Amino acid sequence: MRPLQKQIIDYEKVKPQIDPEAEIKRSVNFLQDFLLQNHLQTLVLGISGGQDSTLAGRLCQLAVEQLRQKTGQQQYQFVAVRLPYGKQADESDALAALSWMKPDQVLRVDIKPAVDATVASIENNKLEISDFNKGNIKARQRMIVQYAIAGDLKGCVVGTDHAAENVTGFYTKYGDGAADLTPLFRLNKRQGRQLLAALRAPSQLYTKVPTADLEDQRPGLADEAALGVSYEDIDNYLEGQEISAQAAQQIETWYQKTAHKRRLPYTVFDI
Ligand SMILES: NC(=O)c1ccc[n+]([C@@H]2O[C@H](COP(=O)([O-])OP(=O)(O)OC[C@H]3O[C@@H](n4cnc5c(N)ncnc54)[C@H](O)[C@@H]3O)[C@@H](O)[C@H]2O)c1
Ligand SMILES: Nc1ncnc2c1ncn2[C@@H]1O[C@H](COP(=O)(O)O)[C@@H](O)[C@H]1O
Ligand SMILES: O=P(O)(O)OP(=O)(O)O
Ligand SMILES: [Mg+2]
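Cut-offs applied
Residues numbered from 1 in each chain as written. Chains lettered and ligands numbered in written order. Predicted model: local features only at pLDDT ≥ 70, side-chain atom pairs only at ≥ 80, totals over all residues. Heavy atoms only, no water. Pairing = 2+ DSSP bridges. Helix = DSSP H or I, 4+ residues; strand = E, 2+ residues; numbered from the N terminus. Axes fitted to C-alpha atoms, helices over the stretch in contact; angles between N-to-C directions. Contact = heavy atoms within 4.5 Å. 1 Å grid on protein atoms, 1.4 Å probe; cavity = no way out; pocket = protein on both sides within 12 Å on 5 of 7 lines; lining within 4 Å. Points joined across faces, edges and corners; volume = space filled by probe spheres on them. Nonpolar A, V, L, I, M, F, W, Y, C, P; charged D, E, K, R; others polar. Polar contact = N/O pair within 3.5 Å; in protein donor to acceptor, adjacent residues only side chain to side chain.

J.: A description of the sheet that holds strand E2 (residues 77-82) should follow, citing residues and the corresponding values.
T.: Reading across from one edge, E3-E2-E1-E4 is the order of the four strands in this open sheet, with parallel pairing throughout. Of all the strands in the sheet, just strand E3 (105-108) and strand E4 (155-157) have a single pairing partner and so form its edges. Ignoring strand direction, the axes of neighbouring strands in this sheet form an average angle of 25 degrees. The pairing of E2 with E3 spans four bridges and is parallel. Residue pairing across strands places Val 79 opposite Gln 105, the latter belonging to E3. Lying on the sheet, helix H3 (residues 51-71) is in contact with strand E1 (42-46) and E2; it crosses E1 at an angle near 165 degrees. Contacts from helix H4 (residues 91-101) reach E2 and E3 within the one sheet, and its direction differs from that of E2 by about 170 degrees.

Given below as structure tokens:
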């Protein structure tokens, strides 16, 4: 195994094989313990229609249903949030995900007015916001909305970051990368699919091409096209398998370039 590969696997805590039922229980218990220990009652999560938020959303719903049963207290709830930027092309996938996960509540906040107003106000200063940079503003606007909801409902924000995303830093810093807890941490992309299959999700919900869908000019751009490496290679790498030197190099370059996203802000004690 490549020396950095071993270090990355230790950090990401990916197991080469998993028992999906055991991992479901582990995440559900974690969500429940987090609520109880922190005296919180609401889990808040954005639902895009993609694989990760579908899985995390169902785990949240299971966690609060079981918690209500265990404690006899009805205040525990899961709030799923639709956060389209205007009209979302794959809205039907998001609706299918919601109808399968059956959240206690669904809220819908269109982020377009806030994002467009932010871009326009910045551009009043003779700055030009690129389409890519605007994509990060969308991700951060989603973070603002979810924290506002959590703040109002004694809640916390659930993140969908998992090992195959974390390793490449493929998320917006303090956007979708900002959350209070990440129940999928330790799983790679295919293990997430295994959990969804064990939960009997309709397969269309986890065979969809992963996309951040943040750019206006390249809608639905596949993560794999943006990353220059496939999830198949990332998953194999994280399970300790040998992959092509080129793919391994690409993963390691992303890992090193995005190290700043996997830590707290730098202080005078760091340099
Ligand atoms: N924006 C989009 O449209 C879009 C679309 C698809 C995917 N993504 C993915 O989302 C991710 C977000 O893009 P990003 O990483 O360019 O933006 P980001 O905002 O997540 O991170 C960049 C910011 O991090 C800080 N930073 C950069 N290097 C640093 C360092 N060495 N130390 C400390 N801070 C540092 C700077 O503030 C910089 O503006 C990318 O992986 C991208 O591929 C974005
Ligand atoms: N359109 C969306 N509506 C609600 N929540 C969303 C939307 N797009 C993204 N999200 C949230 O962000 C994470 C990360 O998405 P990636 O596809 O991995 O970039 C996603 O799981 C949702 O929680
Ligand atoms: O985070 P999601 O739910 O949008 O999943 P994916 O990363 O597969 O698009
Ligand atoms: Mg997505």
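J.: How would you sum up empty space enclosed by the protein? Please name residues and give values.
T.: Enumeration according to the criterion identifies one cavity of 30 Å³ or more in this entry. When its volume is computed, the largest cavity comes out at roughly 30 Å³. As for the largest cavity, its lining consists of Gln 51, Asp 52, Leu 55, His 162, Leu 184, Leu 187, Asn 188 and Gly 192. A per-class count over the lining of the largest cavity returns three nonpolar, four polar and one charged.

J.: Pulling in residues and values, what's your account of the environment of Asp 104?
T.: One can find Asp 104 in the loop between H4 and E3. Along the sequence, Asp 104 and Glu 65 sit 39 residues apart, while their C-alpha atoms lie 9.1 Å from each other. The contact partners of Asp 104, leaving out residues within four places of it in the chain, are Gln 61, Val 64, Arg 68, Tyr 76, Gln 77 and Phe 78. Of the polar contacts made by the side chain of Asp 104, one reaches the side chain of Gln 61; its length is 3.0 Å. Here the side chain of Asp 104 touches Arg 68 through a polar contact of 2.9 Å, side chain to side chain.

Don't take any of this as a statement about function, it's just geometry.
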